[in-house]
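# Understanding the architecture of this molecule
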Amino acid sequence: MENIKIINTHSHVNMLKETDIEKAIENAQNEGIVTIVPSSSTKDIFDVDKFIRKYNRVYGYVGVFPEDAPAFTDKTLTDMEEIIKHNKKIVGIGEVGLDYYWDKSFKELQKEVFIKQIEFANDMNLPINIHSREAHQDTLEILKKYNKNSTAILHCFSGSLEFAKECIKEGIYISLGGVVTFKNAIKAKETAANIPLEYLLLETDDPYLAPVPFRGKENQPLYVKYVAQEIAKLRNTDYENIISATSDNAIKIFNLT
Ligand code: NI
């Protein structure tokens, strides 16, 4: 693909409310930003499939978020397989994982659905974009045990530098978003400054978590620039260096040619 500048590996641009979606995509396209849109529910996989077909430089993941685990069935896997077969712009499985922050009551079901989707990603030979909130240790243990051949990415990484290093040892990639720009985000800044660039990816997770100077406002794919700028500052290196290293990583993982 020509002129890729930045690859935003996690953006719910289809969920923007205050910003015009067409405009947000255009803003990103104009600056050479490629956007990858995750699915979050058994219904959303169909919406993302349709949505990403409409735009250049917009790709997607199919997957079911932990919160929607109760709705996950074998039919969901068949649906996802059909979508993958017919839409070459689906570049991974996501966002899937564990979230013990919102609801601890169905932990076991979350784990079961996460494992099924890891095995599915392995069968499809696709990378996995993972949501993990207050569930770091379980996430890593499950990946170690069940993930055979898919590249795993921890999106919006919120663990410590020490945990990031533990993950990298297992070949897991670390994706960072707007949180690194927050003044009090000591852990995220420490991770951004110290992990090997070979394992770093960029994202926005818009419409949430807008980086400074837009903190508190609606986020959008373009703002991945501010994430890259902050990481460059923290590592005492050039912005260009951060965007080229993270794009190389993403091109390799998602096979974007
Ligand atoms: Ni997300």
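Above: the structure in question.
## Here we look at the overall build of the protein chain
For the protein chain, the helix and strand inventory stands at nine helices and eight strands. Relative to its length of 257 residues, the protein chain is compact, with a C-alpha radius of gyration of 17 Å against a globular reference of 18 Å. When its C-alpha atoms are laid out on the principal axes, the protein chain stretches across 45 × 40 × 35 Å. In the protein chain, 73% of the contacts between residues at least 6 apart in sequence involve partners at least 24 apart. For the protein chain, the exposed surface amounts to about 11,600 Å²; the carbon and sulfur share of it is 48%.

## Side note on the side chain of Glu95
Note that Glu95 resides in strand S4 (residues 90-99). Nearest to the buried, unbridged Glu95 among oppositely charged side chains is Arg133, at 10.0 Å. A polar atom in the side chain of Glu95 sits 3.4 Å from the side chain of His131.

## Here's the deal with the environment of Ala192
Within the secondary structure layout, Ala192 lies in helix H7 (residues 186-194). For the pair Ala192 and Pro70, spaced 122 residues apart in the sequence, the C-alpha separation amounts to 35 Å. Excluding residues that lie within four positions of it along the chain, Ala192 makes contacts with Leu176, Val180, Ile231, Leu234 and Arg235.

## Quick word on the coordination of the nickel ion
Taken together, the protein ligands of the nickel ion are His10 (NE2), His12 (NE2), Glu95 (OE) and Asp205 (OD), with distances of 2.1 to 2.5 Å. Classification of the site at the nickel ion rests on its four donor atoms, whose angles at the metal span 84 to 174°, yielding the label irregular. Here the donor residues for the nickel ion map to a single chain with the spacing H-x1-H-x82-E-x109-D. Of the two residues, His12 sits in the loop between strand S1 (6-8) and helix H1 (21-30) while Glu95 sits in strand S4, which places them 83 residues apart along the sequence. Residue Glu95 is classed as buried on the basis of its relative accessible area of 4%.

## Comments concerning the pairing of strand S7 (residues 173-176)
Across the two faces of S7 the burial is the same, with Tyr173 and Ser175 and Ile174 and Leu176 all buried. Where strand S6 (residues 152-154) and S7 come together, two bridges link them in parallel fashion. Considered in S7, the bridge of Leu154 is made with Ile174. For the handedness criterion, the β-α-β arrangement of S6, helix H6 (residues 161-169) and S7 is classed as right-handed. Alignment of S7 against strand S8 (residues 200-202), held across three bridges, turns out to be parallel. Pairing of Leu176 across the sheet is with Leu202, part of S8. What joins S7 to S8 is H7, and the crossover it makes is right-handed.

## Observations regarding the layout of surface pockets
The space that makes up the largest pocket amounts to roughly 690 Å³. Those elements giving two or more residues to the lining of the largest pocket turn out to be S4, strand S5 (128-133) and H7. By residue number, the principal contributor to the lining of the largest pocket is S5, which donates three residues. Within the lining of the largest pocket, the residues separate by chemical class into ten nonpolar, eight polar and six charged. Mapped onto the domain boundaries, the lining of the largest pocket takes at least three residues apiece from domain 1 (1-37 + 173-257) and domain 2 (39-154). Roughly 250 Å³ of internal volume is contained in the second largest pocket.

## Looking at the pattern of salt bridges
Under the definition given, this model contains ten salt bridges. One salt bridge connects Lys225 with Glu31, and the closest N-O pair in it is separated by 3.4 Å. Here Glu31 lies in the loop between H1 and strand S2 (33-37) and Lys225 lies in helix H8 (residues 224-235), a separation of 194 residues in the sequence. By sharing partners, the salt bridges in this structure join Glu108, Lys111 and Asp138 into a single network.

## Brief notes about unusual backbone geometry
That bond from Asp206 to Pro207 is cis: its omega, 10°, falls within 30 degrees of zero. For the peptide bond that leads from Val212 to Pro213, omega is 15°, which places it in the cis range. Residue position: Pro213 is located in the loop between S8 and H8. We note that Asn125 has phi near 60°; this positive angle belongs to a residue other than glycine. For Glu134, which is not glycine, the phi dihedral falls at a positive 50°. By secondary structure assignment, the location of Glu134 is in the loop between S5 and helix H5 (136-146).

Cut-offs applied
Residues numbered from 1 in each chain as written. Predicted model: local features only at pLDDT ≥ 70, side-chain atom pairs only at ≥ 80, totals over all residues. Heavy atoms only, no water. Helix = DSSP H or I, 4+ residues; strand = E, 2+ residues; numbered from the N terminus. Rg over C-alpha atoms; globule rule 2.2 N^0.38 Å. Contact = heavy atoms within 4.5 Å. Areas by Shrake-Rupley, 256 points an atom, 1.4 Å probe, with all protein chains shown as cover. Buried < 20%, exposed > 50% of the residue type's maximum accessible area, 1.4 Å probe, protein only. Lys, Arg positive; Asp, Glu negative; His and termini not counted. Salt bridge = Lys/Arg side-chain N within 4 Å of Asp/Glu carboxyl O. Polar contact = N/O pair within 3.5 Å; in protein donor to acceptor, adjacent residues only side chain to side chain. Donors = N, O, S within 2.8 Å, 3.2 Å for Na, K, Ca; no water. Tetrahedral: all angles 85-135°; square planar, octahedral: opposite > 155°, others 65-115°. Pairing = 2+ DSSP bridges. Right-handed = clockwise from strand over helix to strand, strands pointing away. 1 Å grid on protein atoms, 1.4 Å probe; cavity = no way out; pocket = protein on both sides within 12 Å on 5 of 7 lines; lining within 4 Å. Points joined across faces, edges and corners; volume = space filled by probe spheres on them. Nonpolar A, V, L, I, M, F, W, Y, C, P; charged D, E, K, R; others polar. Domains from an automatic or database assignment.

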